[in-house]
Amino acid sequence: MKKSNLFLLAALLVVGLMTSMNVIAQDRKGPPENGERKGPPGGGHNPEQTETLSEMKGYKIGDKATDFELKNVDGTLFSLSDIKNAKGYIVVFTCNECPFAKMYEDRLISLHKEYAPKGYSVVAINPNVSATNDRESFEAMQKRAKEKKFPFVYLADTDQKIVPQYGALRTPHVFLLDAQLKVQYIGTIDDNAKNAKDVKVTYIENAIRALENGEKPNPNFTKSIGCPVKFSR
Amino acid sequence: MKLRILIGCLLLVLFSNAQSTAGKKKTSGSSKTIPILNFNSLEPLLHTKSDKIYIVNFWAMWCAPCIKELPVFQEYEKNNPNVEVVLVSLDFPEDIETKLKPFLEKKGITSKVVLLDDPDANSWIDKIYPNWSGAIPFTIIFNAKNRSYHERTFKDIQDLNNEVNNLLKNKEHEKK
């Protein structure tokens, strides 16, 4: 009698354990917690995609950028050739509303203050300027530039004539040009959008320093999370 | 003596069982926890060995086109039991309680949500997909065999369904 009782309990215990394990297994949805797969996802067969970098018809490193004539927040038309004795240009596609663009506003200001006297001015272009979105309207740009006291030009890429030529896909997206307008660096400003204090690598400053030393920036291409440029086409 | 130990064990097992069930129920409610991950802890979610189809979407509350397509994923997951959606939010960790949870509740989003907080994006974007520029929305559709990457917005369920079917077609193709 005692023995069979024990047996029953043992059986119950096993069942109990199994169901509890089952619950745990269900909790852990899908992919194994410690997938052996590391690094780039392999086994991608026939990836379907649209509008990626590989299909993007923007500038590549070494391409010569064309100058432009865009309306600045002060109402005047601005071209890169207006900056006399430039050694290079920090062309940055940015906008009013994107949190990532906003997080970099102060850093763009200090970048301009430090490097404009050395020949590298920040040239900010808003590819999302829109007459129908009052947060990205030209008036909103003027307001933002005034609030933040932008020391650099903030240009409206009305009708998105310039952004497809450069191939900026997100805001902020930086293109460092040399004195001959050759594209020397494409990418992000530094390695920490959320916190300027935690920045370890200042990509754009390193790239400028490389140009100053007559070297090629390394890396000359970086990526970051940013808001998508709203292509109206 | 032995019997007592056994009974003790049994109670313990039953108890923990009940607890995890309770915990599970809780996660499907509005007070679900949103784990904060770095790239290394996110990475396992980007692969599967199961028979399911996974749709992993990178998005944020500040991304207007992302918000527009969220209901597409939500609906698609509801209508397809074999599909699991994981929404990878790139919002700020400090906004989870005050903004993200209320946002999801308001939008009626019940899909799994995790928050990716790994500032040096340049170091992990290429590991996810070398042709991804970093702009969002960005979506990966995969099963155990195939995967496809989409740096774009899905217009509607049909659009998403076509891409899932393409993925499955590739699988069939491979079998032949």
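Residues numbered from 1 in each chain as written. Chains lettered and ligands numbered in written order. Predicted model: local features only at pLDDT ≥ 70, side-chain atom pairs only at ≥ 80, totals over all residues. Heavy atoms only, no water.

As recorded by an unreviewed UniProt entry, chain B carries the name Thiol-disulfide isomerase or thioredoxin and is attributed to Cellulophaga baltica.

By the naming in an unreviewed UniProt entry, chain A goes by Peroxiredoxin and is assigned to Cellulophaga baltica.

*Asks:* I'd like a description of the sheet that holds strand E5 (residues 138-142) of chain B, backed by residues and values.
*Replies:* All names here are of chain B. On the basis of which strands lie adjacent, the open sheet formed by six strands has the order E1-E4-E3-E2-E5-E6 and mixed pairing. A strand with exactly one partner marks an edge of an open sheet, and here the two such strands are strand E1 (36-37) and strand E6 (147-150). Here E1 runs beside strand E4 (residues 112-116); their pairing, made up of two bridges, is parallel. If you follow Ile36 over to E4, its bridge partner there is Leu115. (Pairing = 2+ DSSP bridges. Helix = DSSP H or I, 4+ residues; strand = E, 2+ residues; numbered from the N terminus.)

*Asks:* Tell me about the pairing of strand E5 (residues 153-156) of chain A, and name the residues and values.
*Replies:* Successive side chains on a regular strand alternate, one facing one side of the sheet and the next facing the other. Residue and element names in this part refer to chain A. Alternating positions in E5 separate into two faces, Val153 and Leu155 on one and Tyr154 and Ala156 on the other, with burial throughout. Across two bridges, the pairing between strand E1 (residues 70-72) and E5 is antiparallel. Paired with Asn72 across the two strands is Leu155, which belongs to E5. Two strands pair when backbone bridges link them, and strand E4 (residues 120-126) and E5 are joined in this way by four bridges, in the parallel orientation. Note that in E5 the partner of Val123 across the bridge is Val153. What joins E4 to E5 is helix H4 (residues 138-148), and the crossover it makes is right-handed. (Buried < 20%, exposed > 50% of the residue type's maximum accessible area, 1.4 Å probe, protein only. Right-handed = clockwise from strand over helix to strand, strands pointing away.)

*Asks:* Let's hear about the pattern of salt bridges: which residues, and what values?
*Replies:* Across all of its chains, the model carries 17 salt bridges over all chains by this definition. The closest approach of N and O atoms between Arg107 of chain A and Asp190 of chain A, which form a salt bridge, is 3.0 Å. Highlighted residues: Arg107 of chain A in helix H3 (residues 105-115) and Asp190 of chain A in the loop between strand E8 (183-187) and helix H6 (203-212), separated in sequence by 83 residues. Residue classification places Arg107 of chain A among the buried residues on the basis of a relative accessible area of 13%. The class of Asp190 of chain A is buried, set by a relative accessible area of 7%. Two residues, Asp95 of chain B and Lys99 of chain B, come together in a salt bridge whose shortest N-O distance is 3.8 Å. Residue classification places Asp95 of chain B among the buried positions, given a relative accessible area of 14%. Within this structure, Glu105, Lys143, Arg144 and Glu147 of chain A form a network of salt bridges that share partners. (Salt bridge = Lys/Arg side-chain N within 4 Å of Asp/Glu carboxyl O.)

*Asks:* Before we move on, can you summarise the packing of aromatic side chains with the specific residues and values?
*Replies:* Applying the stated criterion to the full structure yields 20 aromatic pairs over all chains. Ring geometry for Phe73 of chain B and Phe154 of chain B: centres 5.9 Å apart, planes at 80 degrees, overall edge-to-face. With a gap of 81 residues between them, Phe73 of chain B in helix H3 (residues 64-79) and Phe154 of chain B in the loop between E6 and helix H6 (157-175) connect regions that are remote in the sequence. Aromatic pair Tyr129 of chain B and Phe138 of chain B: ring centres 6.4 Å apart, planes at 20 degrees, arrangement stacked. Under the relative-accessibility criterion, Tyr129 of chain B is labelled buried at 7%. Judged by relative accessible area, Phe138 of chain B falls into the buried class, the value being 0%. What links up through ring pairs into an aromatic cluster is the set Phe39, Phe58, Trp124, Tyr129, Trp132, Phe138 and Tyr149 of chain B. One residue, Lys71 of chain A, lies across the ring of Phe138 of chain A, its end atom 4.5 Å from the ring centre. We note Lys118 of chain A situated over the ring of Tyr115 of chain A; from NZ or CZ to the ring centre the distance is 5.0 Å. (Phe/Tyr/Trp six-rings, centres within 6.5 Å; stacked < 30°, edge-to-face > 60°. Lys NZ or Arg CZ within 6 Å of the ring centre and 35° of its normal.)

*Asks:* Please set out unusual backbone geometry residue by residue, giving values where relevant.
*Replies:* All names here are of chain A. Cis geometry is adopted by the peptide bond preceding Pro219, which originates at Asn218 and carries an omega value of 5 degrees. Among the structural elements, Pro219 can be located in the loop between H6 and strand E9 (227-228). Although it is not a glycine, Asp159 sits at a positive phi angle of roughly 65 degrees. Its location among the elements puts Asp159 in the loop between E5 and helix H5 (163-166). Asp159 sits in the exposed class, given a relative accessible area of 62%. A positive phi angle is found at Gln160, which is not glycine, with a value near 50 degrees. The exposure class of Gln160 is buried, given its relative accessible area of 12%.

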